Amino acid sequence: MERLSVFAGLALLLTSLFVPGAQAAPKLKVVATIPDLKSLTEAVGGDLVEVDSLTRGTQNFHEAEVRPSMMLKLRRADAVVENGLGLDAWADVAIEASNNANIIRGGRGRIEISRNVEVLEVPTTRVDRSMGDVHPQGNPHFSLDPGLAPVITQNIVDGLARVAPENRVAFAANRKAFLARLEQEMAKWMKTMEPVRGAKVVVFHPVYIYFLTRFGLVQAATLEDRPGIPPSPQHLVNVIRDMKEEKIKAILVEPWNDVKLANRVAEEAGAKAYVMASAVGAVKGADNYIAAIDYNITTLAKALR
Ligand SMILES: [Zn+2]
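What this report covers is the structure whose coordinates are included nearby. Remember, predicted model here, so these are calculated numbers, not experimental data.

About the criteria used
- Position numbers for residues count from 1 along each chain, tracking the sequence in the order it is written.
- Confidence filtering applies because this is a predicted model: local features only for residues at pLDDT of at least 70, side-chain atom pairs given and counted only at 80 or more, and all residues used for totals across whole chains, interfaces and linings.
- Calculation of side-chain values draws on the structure's entire complement of heavy atoms; hydrogens and water are dropped beforehand.
- Think of it this way: DSSP has to see at least two bridges between two strands before they count as a pair.
- By definition, any uninterrupted DSSP run of H or I lasting at least four residues is a helix, any uninterrupted run of E lasting at least two residues is a strand, and each is numbered from the N terminus.
- Structural elements are reduced to axes, namely lines fitted to C-alpha atoms, with helices fitted over the stretch in contact, and the angle between N-to-C directions of any two is expressed from 0 to 180 degrees.
- Salt bridges, as used here, are contacts in which a Lys or Arg side-chain nitrogen is within 4 Å of a carboxyl oxygen on Asp or Glu.
- Ligating atoms shown are N, O and S within 2.8 Å of the metal, or 3.2 Å for Na, K and Ca, and water is not included, meaning a site may look less than complete.
- For a four-donor site, all angles between 85 and 135 degrees give tetrahedral; for four or six donors, opposite pairs above 155 degrees with the remaining angles between 65 and 115 give square planar or octahedral; all remaining cases count as irregular.
- Partly exposed residues are those whose accessible area sits between 20% and 50% of the maximum for their type, while under 20% is buried and over 50% is exposed, using a 1.4 Å probe and protein chains only.
- Two N or O atoms form a polar contact when they lie within 3.5 Å of each other; inside protein one atom must be a possible hydrogen donor and the other a possible acceptor, and for residues adjacent in sequence the pair counts only when both atoms belong to side chains.

### Re the sheet that holds strand β6 (residues 218–222)
Thought 1: Read across the sheet, 4 strands follow the order β6-β5-β7-β8 without closing on themselves; strand pairing throughout is parallel. Edge strands, defined here as strands with exactly one partner in the open sheet, are β6 and β8 (272–275). Across the sheet, the mean angle separating the axes of adjacent strands is 35 degrees when strand polarity is ignored.
Thought 2: Sheet topology places strand β5 (residues 200–203) next to strand β7 (residues 250–253); 2 bridges connect them, and they run parallel. Within β7, the residue paired with Val203 across the bridge is Leu252.

### Section: the pattern of salt bridges
Thought 1: The tally for this structure, following the rule as stated, stands at 15 salt bridges.
Thought 2: In this structure, the salt-bridge partner of Lys73 is Asp52, at a minimum N-O distance of 3.5 Å. Pair noted here: Lys73 is in helix α3 (residues 68–75) and Asp52 is in strand β2 (residues 49–53), with a separation of 21 residues, a long-range link.
Thought 3: A single salt-bridge network, built from bridges that share partners, covers Glu82, Asp92, Arg105, Arg110 and Glu112.

### Section: the coordination of the zinc ion
Thought 1: Each protein donor to the zinc ion is listed here as His62 (NE2), His135 (NE2), His141 (NE2) and His205 (NE2); together their distances run 1.9 to 2.0 Å.
Thought 2: Bound by 4 donor atoms, the zinc ion shows angles of 108 to 115 degrees at the metal and therefore tetrahedral coordination geometry.
Thought 3: Taken in chain order, the donor set of the zinc ion reads H-x72-H-x5-H-x63-H. Of this pair, His141 sits in the loop between β4 (110–112) and α5 (149–163) while His205 sits in the loop between β5 and α7 (209–214), and the two are 64 residues apart along the sequence.
Thought 4: Classification of His141 as buried rests on a relative accessible area of 11%.

### A short note on the side chain of Asp133
Thought 1: Positionally, Asp133 belongs in the loop between β4 and α5.
Thought 2: Take Asp133: its relative accessible area is 7%, and that puts it in the buried class.
Thought 3: Within polar-contact distance, the side chain of Asp133 engages the side chain of Arg226 at 3.3 Å.

### As for unusual backbone geometry
Trans is the common state for peptide bonds, and a negative phi is the common state for residues other than glycine.
Thought 1: Positive phi values are uncommon outside glycine, yet Leu85 reaches one of about 55 degrees.
Thought 2: Tracing the sequence through the fold places Leu85 in the loop between β3 (79–82) and α4 (90–98).
Thought 3: Using a relative accessible area of 12% as the deciding quantity, one classes Leu85 as buried.

Read these as geometric descriptors, not functional statements.
Structure follows, in structure tokens:
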């Protein structure tokens, strides 16, 4: 009996392999530089794509190390989805080394999602990179602002359609369905945040400015002296004083920050530090785009109440 069903299964498999048209087209192999973009590319690509990320959400994207495993993923890629604004500049090195003409800068499989994004915190004076400032082109951490998802996913649709024009309609339909779902979530998120609108928070590294602005919160200070430049004792003294004066309740931290330091500062200021979903996969339960945003909304609404 068991053997019979195995044979039957095998026969079915062989039939499906040899009936013309029965075989699914191979999926597009897409590599995203960060997990947020993996999640959004999956939403747009559906089952037409297979997406891999070069980094994990618990990492500092500014300082990702180029590894042979990255080159291996890139060598086989039909497309690469990158953040831009300098956040994933290291991907250039890995892509050069991968020797894959599809995805070199200017190649049809190179998809940059910062196109048409209104960049915040653009420096008004020349930033001296030698001093270690990591946001010379403005703030690159916009991927988890749900209000920018329409722009970002449009860039992904356009990019994937360059590689597979026959699937443009399907990509556009997937995007529409995803944005409809996101819009429903957005209505809930706005309602949840309503009571804490206008509240001030302190952040370790300025990762949340797009998100905070979207939901009517204010970034009062950063623990870092400047983006990428570690906190100095004098700066922290000032931050603690301001936090006390303004009764700021929360310090928002990324998993890779010095959480102990943030806790100490928070304690002195009479506040609390919260490790946030600074990216998809940064904390437990934030394993896709909507879940990560939901985590941050829930955490902030409780913290600032
Ligand atoms: Zn940064």
